[in-house]
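Architecture and fold: a report
The chain contents come next:
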Amino acid sequence: MTALACHDLTVGYGDGAPVIDGLTLELGQGDVVALLGANGAGKTTLLRALTGLVPTRSGRVELGGRELARLSTEERVRRGLALVPEGRSVVVELTVDENLRLGGLWRHKHKARKAAVEEMYALFEPLARRRDAAGHTLSGGERQMLALARALLARPDVLLLDEPSLGLAPQVTAQLLGVLRESAARTGLTVLLAEQNVTSALSVAARGVVLSLGSVVADRSAPELAADPALRHAYLGF
Ligand code: ATP
């Protein structure tokens, strides 16, 4: 079943040239797909357009086969889409526990809310050890874990992640993406992971999509992409 799709999507800012240019992409349920591309390729813009944070000029976006283009961001989130934007958005004045409880507020039953937060602590052990720590005292890795845990608390069907590895040490990135992979495999979550860190992204994704100037220039299995030096050199800068 197709979890998320966009067809012939065109997105731009103001009167400028399109940043996403007639892009078509499909993710099946449970797929973990890396969205790759050099700086400025359009990865963030695509994630923001899928979420409704940037208006689309033309084309369709579908979640579970239902058209989203006219829906607000809030409505898309309600239908199962979640975005973890670049920059580890957590409320720094609140503790880890308060941040998580805030993420679970949409659940009406107190018991279910508590259980969901405990589930996140089991998944992200470093957060469990820091549950009473204020957001501003967390390391970059802990903040990114908290941002991811908050998104997972909403039990989304499709999770969009923008550059989670940015500024993190390689072991921290590996730990974070390991938890993401485990969680996706267990729950059937569909993930679109925008990354400039190609090696990390392809270690967790089964498939990679390479963007250049807002268009898809390659859509292949992760091992195939990892083993294609010409493609890597042309579009990914190494
Ligand atoms: P990065 O990895 O650097 O975030 P990216 O692949 O995510 O790159 P985008 O951030 O989507 O790329 O940017 C794609 C293009 O859109 C760039 O040329 C950028 O300058 C332009 N752009 C991004 N945001 C805006 C904006 N708010 N207004 C105008 N142009 C923008």
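Note that the structure is a prediction, hence the values are computed from the model and not measured.

A closer look at helix 7 (residues 170-187)
- Over its 18 residues, helix 7 extends 26 Å from the first C-alpha to the last, a length consistent with the 26 Å expected when each residue adds 1.5 Å.
- By the burial criterion, the buried members of helix 7 are Thr173, Leu176, Leu177, Val179, Leu180, Ser183 and Ala184. Projection of helix 7 onto a plane perpendicular to its axis shows the buried side chains occupying an angular sector of 150°, all on one side. Opposite the buried face of helix 7, at more than 90 degrees from it, the exposed residues are Pro170, Gln171, Ala174, Ala185 and Arg186.
- Phi for glycine 188, located one or two positions after helix 7, is positive at around 75°.

As for the environment of alanine 134
- Mapped onto the elements, alanine 134 comes out in the loop between helix 5 (125-129) and helix 6 (140-153).
- Measuring from C-alpha to C-alpha, the distance between alanine 134 and threonine 95 comes to 4.0 Å, with 39 residues separating the pair along the chain.
- Not counting chain neighbours up to four residues away, the residues in contact with alanine 134 comprise Val92, Leu94 and Thr95.

Some words on the side chain of glutamate 163
- Topologically, glutamate 163 is positioned in the loop between strand 7 (158-162) and helix 7.
- We note that glutamate 163 is buried and unpaired, the nearest opposite charge coming from lysine 43 at a distance of 4.2 Å.
- In terms of polar contacts, glutamate 163 uses its side chain to reach the backbone amide nitrogen of glutamine 196, at 3.4 Å.
- For glutamate 163, the contacting residues outside a window of four places in its chain are Lys43, Glu86, Ala194, Glu195 and Gln196.

Here's the deal with the sheet that holds strand 8 (residues 190-195)
- Taking strand neighbours across the sheet as the criterion, the six strands line up as 6-7-8-3-9-10 in an open arrangement whose pairing is mixed. Where the open sheet ends on each side, the last strands, each with one partner, are strand 6 (81-84) and strand 10 (215-221). Going across the sheet, the axis of each strand differs from the next one's by a mean of 15°, ignoring polarity.
- Across four bridges, strand 6 lies against strand 7 in parallel orientation. Bridging across to strand 7, alanine 82 finds its partner in leucine 159.
- Across the sheet, helix 1 (residues 43-51) is in contact with strand 3 (32-36), strand 6, strand 7, strand 8 and strand 9 (207-212); its angle to strand 7 comes to roughly 145°.

Let's talk about the side chain of threonine 10
- On the secondary structure map, threonine 10 appears in strand 1 (residues 2-11).
- A distance of 3.1 Å separates a polar atom in the side chain of threonine 10 from the backbone nitrogen of glycine 22.

Details of the site of the ligand
- Not every one of the 13 residues close to the ligand is listed here, only the nearest: Asn39, Gly40, Thr44, Thr45 and Gln196.
- Between an oxygen atom of the ligand and a main-chain N or O atom of alanine 41, the distance comes to 3.1 Å.
- At 3.4 Å from an oxygen atom of the ligand is found a side-chain nitrogen or oxygen belonging to glutamate 163.
- Coverage of the ligand by the protein amounts to 56% of the 630 Å² it exposes when considered alone.

Observations regarding the nonpolar core
- Counting 47 residues, the largest nonpolar core has Leu36, Leu100, Phe124 and Leu159 as the members making the most contacts within it.
- If we ignore the near neighbours within four places in the chain, the residues touching leucine 36 are Lys43, Glu195, Val198, Ala201, Leu202, Val209, Val210, Leu211, Leu225 and Leu236.
- In this structure, Cys6, Ile20, Val158 and Leu211 belong to the second largest nonpolar core, which totals 27 residues.

Examining the pairing of strand 9
- With five of six residues buried, strand 9 is to be regarded as a mostly interior element.
- Taken together, the four bridges between strand 3 and strand 9 define a ladder with parallel strand orientation. Each residue of the ladder has a partner; that of valine 33, found in strand 9, is arginine 207.
- Relative to strand 10, strand 9 runs antiparallel, the two being bridged by six bridges.

About the thresholds
- Residues numbered from 1 in each chain as written.
- Predicted model: local features only at pLDDT ≥ 70, side-chain atom pairs only at ≥ 80, totals over all residues.
- Heavy atoms only, no water.
- Helix = DSSP H or I, 4+ residues; strand = E, 2+ residues; numbered from the N terminus.
- Expected span 1.5 Å × (residues − 1).
- Buried < 20%, exposed > 50% of the residue type's maximum accessible area, 1.4 Å probe, protein only.
- Arc of directions from axis to C-beta.
- Contact = heavy atoms within 4.5 Å.
- Lys, Arg positive; Asp, Glu negative; His and termini not counted.
- Salt bridge = Lys/Arg side-chain N within 4 Å of Asp/Glu carboxyl O.
- Polar contact = N/O pair within 3.5 Å; in protein donor to acceptor, adjacent residues only side chain to side chain.
- Pairing = 2+ DSSP bridges.
- Axes fitted to C-alpha atoms, helices over the stretch in contact; angles between N-to-C directions.
- Near = heavy atom within 4 Å.
- Areas by Shrake-Rupley, 256 points an atom, 1.4 Å probe, with all protein chains shown as cover.
- Core = buried A, V, L, I, M, F, W, Y, C linked by side-chain atoms within 4.5 Å.

Geometric values such as these leave the question of function open.
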